[in-house]
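What follows is each chain in one-letter form.
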Amino acid sequence: MVYKALTIAGSDSGGGAGIQADLKTFHQLRVFGMSAITAVTAQNTLGVQGVYPLSVEAVERQIDSVAVDLSPHAVKTGMLFSHEMIELVAHKIKQYKWTRIVVDPVMIAKGGAPLLKQEAVEALQRHLLPLAYVLTPNMPEAEVLTNMQMETIEQRKEAAKKLHDMGVRYVVMKGGHGEGNELIDILYDGEQFYEWKSKRIDTKHTHGTGCTFAAAITAQLAKGKTIYEAVDVAKRFIQAAVEQTLQIGSGHGPTNHWAFHE
Ligand SMILES: Nc1ncnc2c1ncn2[C@@H]1O[C@H](COP(=O)(O)OP(=O)(O)OP(=O)(O)O)[C@@H](O)[C@H]1O
Ligand SMILES: Cc1ncc(COP(=O)(O)O)c(N)n1
């Protein structure tokens, strides 16, 4: 059986985040990767030098081409940039009756460059969250989506509940932006909370951690794994990828997509 996953996201010319991180992660987890590119970014380990969105029509064509011939088992969304693009993606998810949808609500690159227009946040809440099987916000993204504070674990759990009430099936709150030496990622399934704790690795090479983590979840869901199994593998994947970074580029380097073996 060949498992297939589609990523609808932005291209990172530097290869560490976005479409490139997604496809490398799919491949490493033995899932055939396909893509619909929403925007081309000129980017490296030093930052984002340019953002060039594609037309809604160009993205629609890419999604249709994949959908009619290659039927993905799971779909991930990353940088969507505008409300028009979000509306299109929501429409296509419904049209093709895709259910295993992982929404990574990418808003800002690590260096601060906006990857989602401010006015598009409402479209994300209204159109995409109700279709999300899994939502993977980092702490600043969860703050924007819920208007709640994320300082304590309790506050993060309250925010997860709110996101679940907004229509998300499973909420995975990433803990990379937390304080201290311990990182805690939280999964909420509407009834219970599950926590994955890990040691924070002291490195500046964390470009693309969010994309890679969500892509690993997507790959596992494409194989028919449960959300609990998927988050478990994704957590081990990202831990290995950050532990064994490649030390390339002079800024915030990429993670190592070769490091994890199932
Ligand atoms: N320094 C680190 N050491 C170990 N794990 C990390 C580190 N930084 C992030 N992670 C893990 O990587 C995953 C992504 O978390 P993070 O909160 O950094 O996402 P993100 O902010 O969306 O990433 P990105 O910077 O790509 O946007 C989580 O599982 C988190 O625990
Ligand atoms: C095209 C694209 N998509 C997503 C990210 C987020 O990743 P990061 O926060 O690690 O820069 C990015 N930088 N570029």
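Residues numbered from 1 in each chain as written. Chains lettered and ligands numbered in written order. Predicted model: local features only at pLDDT ≥ 70, side-chain atom pairs only at ≥ 80, totals over all residues. Heavy atoms only, no water.

What follows covers the sheet that holds strand E6 (residues 134-135). Within the open sheet, the 9 strands sit side by side as E3-E2-E1-E4-E5-E6-E7-E8-E9. Their pairing is mixed. Edge positions in the sheet fall to strand E3 (47-53) and strand E9 (193-199), since each has one partner strand and no second. Packing against the sheet, helix H7 (residues 209-222) makes contact with strand E1 (4-12), strand E4 (74-77), strand E5 (101-103), E6, strand E7 (170-173) and strand E8 (182-188), and its axis sits at approximately 165° to E4. (Pairing = 2+ DSSP bridges. Helix = DSSP H or I, 4+ residues; strand = E, 2+ residues; numbered from the N terminus. Contact = heavy atoms within 4.5 Å. Axes fitted to C-alpha atoms, helices over the stretch in contact; angles between N-to-C directions.)

On to the site of ligand 1, then. In the vicinity of ligand 1 there are 18 residues, among which Lys 110, Lys 174, His 177, Asp 185 and Gly 210 approach most closely. Within the side chain of His 177, a nitrogen or oxygen atom sits 2.6 Å from an oxygen atom of ligand 1. A distance of 2.9 Å is found between a nitrogen atom of ligand 1 and a backbone nitrogen or oxygen belonging to Ile 201. Protein coverage of the free-state accessible area of ligand 1, which is 620 Å², stands at 94%. Mapped by element, the contributors of at least two residues to the shell around ligand 1 are E8, H7 and helix H8 (227-243). Sorting elements by how many residues they give to the shell around ligand 1 places H8 first, with 4 residues. (Near = heavy atom within 4 Å. Polar contact = N/O pair within 3.5 Å; in protein donor to acceptor, adjacent residues only side chain to side chain. Areas by Shrake-Rupley, 256 points an atom, 1.4 Å probe, with all protein chains shown as cover.)

A few words now on helix H1 (residues 18-28). The set of residues buried in H1 consists of Gly 18, Ile 19, Ala 21, Asp 22, Thr 25 and Phe 26. An end-on view of H1 places all buried positions within 165° of arc, on one side of the element. Contact partners of the buried residues in H1: E1, strand E2 (32-44), E4, H7 and H8. Just downstream of H1, Arg 30 is the residue with a positive phi angle, here 60°. (Buried < 20%, exposed > 50% of the residue type's maximum accessible area, 1.4 Å probe, protein only. Arc of directions from axis to C-beta.)

Mapped onto this numbering, the UniProt entry annotates "domain: Pyridoxamine kinase/Phosphomethylpyrimidine kinase" (unreviewed entry) at residues 12-256. Along residues 12-256 one finds 40% helix and 20% strand; the C-alpha atoms at either end are 15 Å apart. (UniProt positions renumbered as here; feature names shortened; annotations may be inferred.)

Throughout the structure, instances matching the rule amount to 12 salt bridges. A salt bridge links Asp 22 to Lys 76, with the nearest nitrogen and oxygen atoms 3.0 Å apart. Of the two residues, Asp 22 is situated in helix H1 and Lys 76 in strand E4; the sequence distance between them amounts to 54 residues. Owing to a relative accessible area of 0%, Asp 22 belongs among the buried residues under this scheme. Here Lys 161 makes a salt bridge to Glu 158, at a shortest N to O gap of 3.8 Å. (Salt bridge = Lys/Arg side-chain N within 4 Å of Asp/Glu carboxyl O.)

Time to look at the packing of H7 against H8. H8 packs onto H7 with a crossing angle of 140° between their chain directions and a minimal axis gap of 8 Å. On the basis of the axis angle, H7 is oblique to H8. Seen from above, H7 lies across H8 with right-handed handedness. When H7 is examined against H8, the residues Thr 209, Thr 212, Phe 213, Ala 216, Ile 217, Gln 220 and Leu 221 are found in contact with a partner set consisting of Ile 227, Ala 230, Val 231, Val 233, Ala 234, Lys 235, Phe 237, Ile 238 and Val 242. (Parallel < 35°, antiparallel > 145°, perpendicular 65-115°, else oblique. Left-handed = near helix turned anticlockwise from the far one by under 90°.)

As defined by bridge partners, E1 adjoins E2 across 9 bridges and the pair is classed as parallel. Counterpart to Ile 8 in the pairing with E2 is Ala 36. Crossover handedness for the path E1 to H1 to E2: right-handed. By the bridge criterion, 6 bridges tie E2 to E3 in an arrangement that is antiparallel. Among the inter-strand pairings, Gln 43 is bridged to a residue of E3, identified as Val 48. (Right-handed = clockwise from strand over helix to strand, strands pointing away.)

This part covers the pairing of E1. A large share of E1 lies buried, amounting to 9 of its 9 residues. Bridge analysis of E1 against E4 gives 4 bridges, and the strand direction is parallel. The residue bridging Ala 5 from the neighbouring strand is Ala 74, located in E4.

Further remarks concern the site of ligand 2. Surrounding ligand 2, one finds 14 residues, the nearest of these being Gly 10, Gln 43, Lys 110, His 207 and Gly 208. Taking His 207, its side chain carries an N or O atom lying 3.2 Å from an oxygen atom of ligand 2. Burial of ligand 2 by the protein amounts to 92% of the accessible area it has alone, namely 360 Å².

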